[in-house]
Structures are given as C-alpha cells and as structure tokens.
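The residues making up each chain are set out below.
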Amino acid sequence: MCEVYPVPEDFAVEPGRLYVVATPIGHLGDLSPRAGAVLSGVSLICAEDTRTSQRLLAHIGSKVPMRALHDHNEREQVAGLVDRLLQGDAIALISDAGTPLVSDPGFRLVRAARAQGVQVVPVPGPSAILTALCATGLPTDRFAFEGFLPAKSGARGQALDALRNEQRTLVFFEAPHRIVATLGDMAARFGADRPAWLARELTKRFEQFVGATLADLLDWTEAHPEAIRGEMVLVVGGCPLAAVESTVDVDRLLMLLLASLPTKQAARVAADVSGQPRNALYQRALELKQDQSPD
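Numbering of residues starts from 1 in every chain and runs along the sequence as written. Since the coordinates come from a predicted model, pLDDT governs what is reported: local features require at least 70, and pairs of side-chain atoms require 80 or more to be given and counted, while whole-chain, interface and lining totals use all residues. By convention in this description, side-chain values take in all heavy atoms of the structure and omit both hydrogens and water.

**Student:** Outline the overall build of the protein, supporting the account with residue identities and numerical values.
**Tutor:** Each helix is a run of DSSP H or I of at least 4 residues and each strand a run of E of at least 2, with the numbering of both proceeding from the N terminus. Check the secondary structure of the protein and you find 12 helices and 10 strands. It is over C-alpha atoms that the radius of gyration is taken, and the globule rule equals 2.2 Å times the number of residues to the power 0.38. Its C-alpha radius of gyration of 25 Å places the protein more than 25% over the 19 Å reference for a compact globule of 295 residues. Overall, the protein is about 80 × 45 × 35 Å in size when its C-alpha atoms are taken along their principal axes. To sort residues, take the accessible area from a 1.4 Å probe on protein chains only and compare it with the maximum for the residue type: under 20% means buried, over 50% means exposed, and anything in between is partly exposed. For the protein, the proportion of its 295 residues judged to be buried stands at 41%. Two residues qualify as a contact provided that any one of their heavy atoms is within 4.5 Å of a heavy atom in the partner residue. When contacts within the protein are restricted to residue pairs at least 6 apart in sequence, long-range pairs at least 24 apart make up 67% of them. Here the protein displays about 15900 Å² of accessible surface, and carbon together with sulfur accounts for 52% of that area. Mean positive and mean negative side-chain charge positions of the protein (29 and 35 charges, respectively) differ by 3 Å. For the accessible areas, the method is Shrake-Rupley and the probe is 1.4 Å, while residue cover comes only from the protein chains on display. Working convention for charge: Lys and Arg count positive, Asp and Glu count negative, and His plus the chain ends are omitted. Note that the charge is assigned to NZ on lysines, CZ on arginines, CG on aspartates and CD on glutamates.

**Student:** So what about the packing of helix α10 (residues 250–258) against helix α11 (residues 263–274)? Which residues, and what values?
**Tutor:** A fitted line through C-alpha atoms serves as each axis, taken over the contacting stretch for helices, and the angle formed by two N-to-C directions is quoted from 0 to 180°. Where α10 meets α11, the closest approach of the two axes is 9 Å, and the angle between their N-to-C directions is 140°. Overall, the two elements α10 and α11 adopt an arrangement that is oblique. Taken as a pair, α10 and α11 cross one another with a handedness that is right-handed. Across from V250, L253, L254, L257 and L258 in α10, the residues of α11 making contact are T263, A266, A267, V269, A270, V273 and S274. In what follows, roughly perpendicular refers to angles from 65 to 115 degrees, roughly parallel to angles under 35, roughly antiparallel to angles over 145, and oblique to any angle outside these ranges. Left-handed describes a crossing whose near helix is turned anticlockwise from the far helix by less than a right angle; the clockwise case is right-handed.

Here it is as structure tokens:
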C-alpha cells in the first residue's frame, strides 16, 4: 500500500502518529533539531531503558513521560499503545542509543501500528553501523549487518562458517566479554589476515578504532586487556573473489569421481582440481567409500 504524507517544515508533531526516532550513540550534540522537537512534542516516549534515556531528555529539557518498552514486555504493551495511537496520541519510540529496531526492540509495535493504519514516521539520525563502517576504509558499496553473533561457541562457529565466503563487508555488534573469543573464531574461519577493524565507544570521549587484520586485533586485545570495554562494532572485510572461486566442495567432487574411477585416480584428479594434498584426499576418499558401503 502506497503512502504519501508531507513532513511539516516546522517539525510539528501530528496526532496519532508513531515516531521512530534515532538518538545519539554517544555525543548528545548529534541529536537532530527535528528529533529534539519530536521528543518534546509527543504525548509519550517508549524507551528501551527509561533510566538511560532520561539523560537525553534532561539535555533537551523534555518533560514528556516515558514508558519502558523492551524485549521482555513488548508483547504485552503493544495493544495498549496502539489503542492510544488510534485515540490520537502521538508516541515516540527510541532505543538506548542509535536507530531503533536495529538489534533493539520495537518491531512488534511498528508492525501492529501499521496493521491498524497508523502512520509510522521515521526520524533518521545516528547509527553505530554506518558510523563505524564509514571510518574503516573497508568497502562500503555493499555490506551486510549481522548484529550480535550467538553467545555459545558452537552456534557462533556455525554462523561464521555460513559467512566464510561472503564477499560483502560484514558488520557485527559484540559484547566486550565475548570479543576475544569472537575474534579467535573469525581468524580460524576467515583467515588471520582478513582485514578487520574494531570501533569502540563511538562519538564518546574515548572513541577508538583499532585494526588492519584479525590477527592485529587479537594481538591488540592481548596487549591491552584494560581497553576491552564499552560499546563495540566489528567491521570485517569480505572474502576475496579469488578465494570464493577457488572453493571446491571436495566431498562432492570425490563422490562424483569415485562413481567411475579407482580411489587413487579419483584422489589424483581431485587434487589437480582443488589444489589440496593428494594424500589427504586419498584418505578422505577411503572414508567416503566406507561411509557408503553397506553394514
């Protein structure tokens, strides 16, 4: 369904609208005049953590009441909030920092509001993803945001395996207590020489960019354990095209060859195609034949 709504030039807040407002990721001076006007003119502000957001509202002198909206209560809050919107209240949705709904709650509220015909008005502004990406020197024409990787090692490894041949620049959020393990898993799967940058405390007093390669980041974390703190964005270069093109599904190749060739010959041909050691491929071919043999 196509929607065309004019944006008031004076930033006037319209009744019955849900405003999705981006807020500073650190420096309070990054709040736009329009965002400030909205946060001072709505009837209610839904914030991920009202204690965190109170500092921002105090900075702009807003006295608008807040309500907590987070992962643990969003389902229960949505119906009442949509009712208020339908009755004419203007509501702003903000997260702790940056653009709402990006690895933050709010999706259910926006979806429910749209389903009831409520106009959802984005008020753009700061984004940790773009802030980190534009300052690393890695390609920005195509990138993939992967959010937070799984906390458990096994699941994290599987997620990284699926991204091993991704050619786009990759952007992740990561918690300080997991950053060393994540970097180690990335180096093991992507290669220690893969370009990477760690951006921490963006736009804050101790903003820092560290990087060059995954190996460099691992060395830095080992040498500076006291600096592993604060909000972190990890930007990793994509897999080079040559590496993607050279990737061969060796097991599938061996199975096809074994269907018509003796084991040693199949291993030799597979080695020529893949560039992998012939002896290792021969042993793998024996294993595949054993797996295929009847008990």
